[in-house]
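Tertiary structure, described
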Amino acid sequence: MIENRRILVLGASGRVGRPLALHLAAKNTVFGVSRFSDPNDEQALQASGVRTIRKDLADPGPGLLDGIPQDVDYLVNQAVLWKAEPPVTWQQIFELNAIAGPRILQHCRASLSACVYGSTGGNYNSHPLPRSEADEPISDGRIYHTSKIAGEFCADLASRLFHVPTAILRYYFPCGRDSGSLRGLGIRLLKGESKKISKGDTFGHHFTWMGDILRMTERALEIAAVPAVFVNVAGREFIIERIAVEKMAAALGVPARFTESTESRTPFLADLAKMRALLGEPEGTFDQMVAEASEGLRANPPESLKGE
C-alpha cells in the first residue's frame, strides 16, 4: 500500500483513471489531470480530495505543462482517446495515447520514483493459445490499437532516457460498478439493443474486476523497472460472449438479445503467469462483476436511459 506520496494521474475522469484517482487519494496527495468534459466528474474527485487540473492532453502546444506539478513521486498515465471521429483527429489520438505521457514524465523526472502506463490487452492478436508479454504485439489496423502500441514503446523509451522505473500494464476489459465493459453491455441491453456474438461460441474475454486493477496498478509502481516491465492484467476466468450477455441480462431483468454472426472468431486469451508472479492473484469473480455493474446501472443510470 502506497501512503503519503504525491501522485499525478493522467486521464483522471476515465474508465480506470477515475476510480484509481479516488482509490489513491485515500492515503496520498493526488493530482488528477483531465479535460473534465463532465463537471460532475471533477466535483466527485474534488469531494474526495483529488486536486484537479483541467488540461487537454491531446493539444501538442507549449501549454501542455502549464500547471502540471514537477515535484511528484509517481506518475500514472491512464489518459486515452478511442476513435478518430470529428472533432477528434488521428493526430490527437497519437498525441494523447503516445506522446503526452513521456513529455510530462520528462517534466517531472527529477522527483519521480516510478511511472505506470495503462495499455490494453487488445495489442495482441487473437490466438488459440494464451498471449504472453513476450509475444509480438499486432495492430488490427484500428487507430486506437496502433496508437497504444506506439504509446507502450514511447513509455519504454522515456523510461530508458530519463532512468525512471516504469511498468506497462496491458489491461483486459476492466469492469467496475460505474464504468467498464459490463456497464457498456448493460446499457445496450437496457436499450433493447442486440449484441452480435461470434458463431459457435468461440470468442470471449478475460473480464477484469476493477478492484484487482486498482490493487495491481498500485503494486506496479513498486515493481517498475528500467527498461520498462510489461505485464498483462486480467481476471482469472475466461467468459464466452453468449454467457456474458445472458448473465448481464438476467441481473438487469431484461431479455438477453443477441445475434450470431457468420464469423467464427479465435479466442482472446491472456497468459497470466507474469502477473501472478509480480502483481498477485486476481480476486474478482465474473459473477461479482455482473452484480456490481448491474447495481451501478440501477443506482446511477446514464442520461440516455433516464426517463425511459
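Read on for an overview of the structure. Residue indices begin from 1 for each chain and proceed along its sequence in written order. Per-residue local features are limited, in this predicted model, to residues with pLDDT of at least 70; the limit for side-chain atom pairs, both in listing and counting, is 80 or more; totals at the level of whole chains, interfaces and linings are taken over all residues. Hydrogens and water are ignored here; the side-chain numbers use all heavy atoms of the structure.

1. Some words on helix α5 (residues 181–190)
With seven of 10 residues buried, α5 is to be regarded as a mostly interior element. Regarding α5, the residues found buried are Ser181, Leu182, Arg183, Leu185, Gly186, Ile187 and Leu189. Here a residue-residue contact requires only that any non-hydrogen atoms of the pair lie within 4.5 Å. Each helix is a run of DSSP H or I of at least 4 residues and each strand a run of E of at least 2, with the numbering of both proceeding from the N terminus. Contacts made by the buried residues of α5 are with β8 (174–175), β9 (195–197), α7 (241–252) and α9 (286–299). Each residue is placed in one exposure class: buried if its accessible area under a 1.4 Å probe, protein chains only, is under 20% of its type's maximum, exposed if it is over 50%, and partly exposed if it falls in between.

2. Points about the pattern of salt bridges
The term salt bridge refers to a side-chain nitrogen of Lys or Arg lying within 4 Å of a carboxyl oxygen of Asp or Glu. All told, the structure shown has 18 salt bridges when counted by the stated rule. Here glutamate 42 ties to arginine 54 by a salt bridge, and the two come within 2.7 Å at their closest N and O atoms. Of the two residues, glutamate 42 is situated in helix α2 (residues 39–47) and arginine 54 in strand β3 (residues 51–54); the sequence distance between them amounts to 12 residues. Owing to a relative accessible area of 10%, glutamate 42 belongs among the buried residues under this scheme. Taken together, the shared-partner salt bridges connect Arg177, Asp178 and Glu295 into one network.

3. Here's the deal with the side chain of glutamine 78
Secondary-structure assignment places glutamine 78 in the loop between β4 (74–77) and α3 (90–108). Within the local environment of glutamine 78, its side chain forms a polar contact with the side chain of tyrosine 171, the two groups lying 2.9 Å apart. Discounting chain neighbours no more than four positions away, the residues touching glutamine 78 are Leu10, Gly11, Val16, Gly17, Leu20, Val116, Gly118, Tyr171 and Thr217. What qualifies as a polar contact is a pair of N or O atoms within 3.5 Å, subject to a donor-acceptor requirement within protein and to the restriction that residues adjacent in sequence count only when both atoms come from side chains.

4. Let's talk about the sheet that holds strand β1 (residues 6–10)
DSSP bridges decide pairing: two strands pair if at least two such bridges lie between them. In spatial order, the strands read β3-β2-β1-β4-β5-β7-β12; together these seven strands make up an open sheet with parallel pairing. A single partner strand is all that each edge strand has here, and the edge strands are β3 and β12 (229–233). Each strand axis lies, on average, 20 degrees off the axis of its neighbour in the sheet, ignoring direction. Summarising the sheet, strand β7 (residues 166–171) and β12 pair through five bridges and their orientation is parallel. Bridge pairing links tyrosine 171 to valine 233 in β12. Seen against the sheet, helix α4 (residues 143–162) touches β5 (114–120), β7 and β12 and runs at an angle of roughly 165 degrees to β5. Think of each axis as a best-fit line through the C-alpha atoms, taken over the contacting stretch in the case of a helix, with angles from 0 to 180 degrees between the N-to-C directions.

5. Topic: the packing of α7 against α9
Orientation of α7 relative to α9, taken along the N-to-C sense of each, is 45 degrees, at an axis distance of 9 Å. Taken together, the axes of α7 and α9 are oblique relative to one another. For the pair α7 and α9, the crossing hand works out as right-handed. In contact with Ala244, Lys247, Met248, Ala251 and Leu252 of α7, α9 contributes Phe286, Asp287, Val290, Ala293, Ser294, Leu297 and Arg298. Each residue is assigned to one class: nonpolar for Ala, Val, Leu, Ile, Met, Phe, Trp, Tyr, Cys and Pro, charged for Asp, Glu, Lys and Arg, and polar for all the others, Gly among them. Split by residue class, the contact of α7 with α9 holds eight nonpolar, one polar and three charged. By definition in this entry, angles of less than 35 degrees are roughly parallel, angles greater than 145 are roughly antiparallel, angles of 65 to 115 are roughly perpendicular, and the rest are oblique. With the far helix as reference, a near helix turned anticlockwise by less than a right angle produces a left-handed crossing, and one turned clockwise produces a right-handed crossing.

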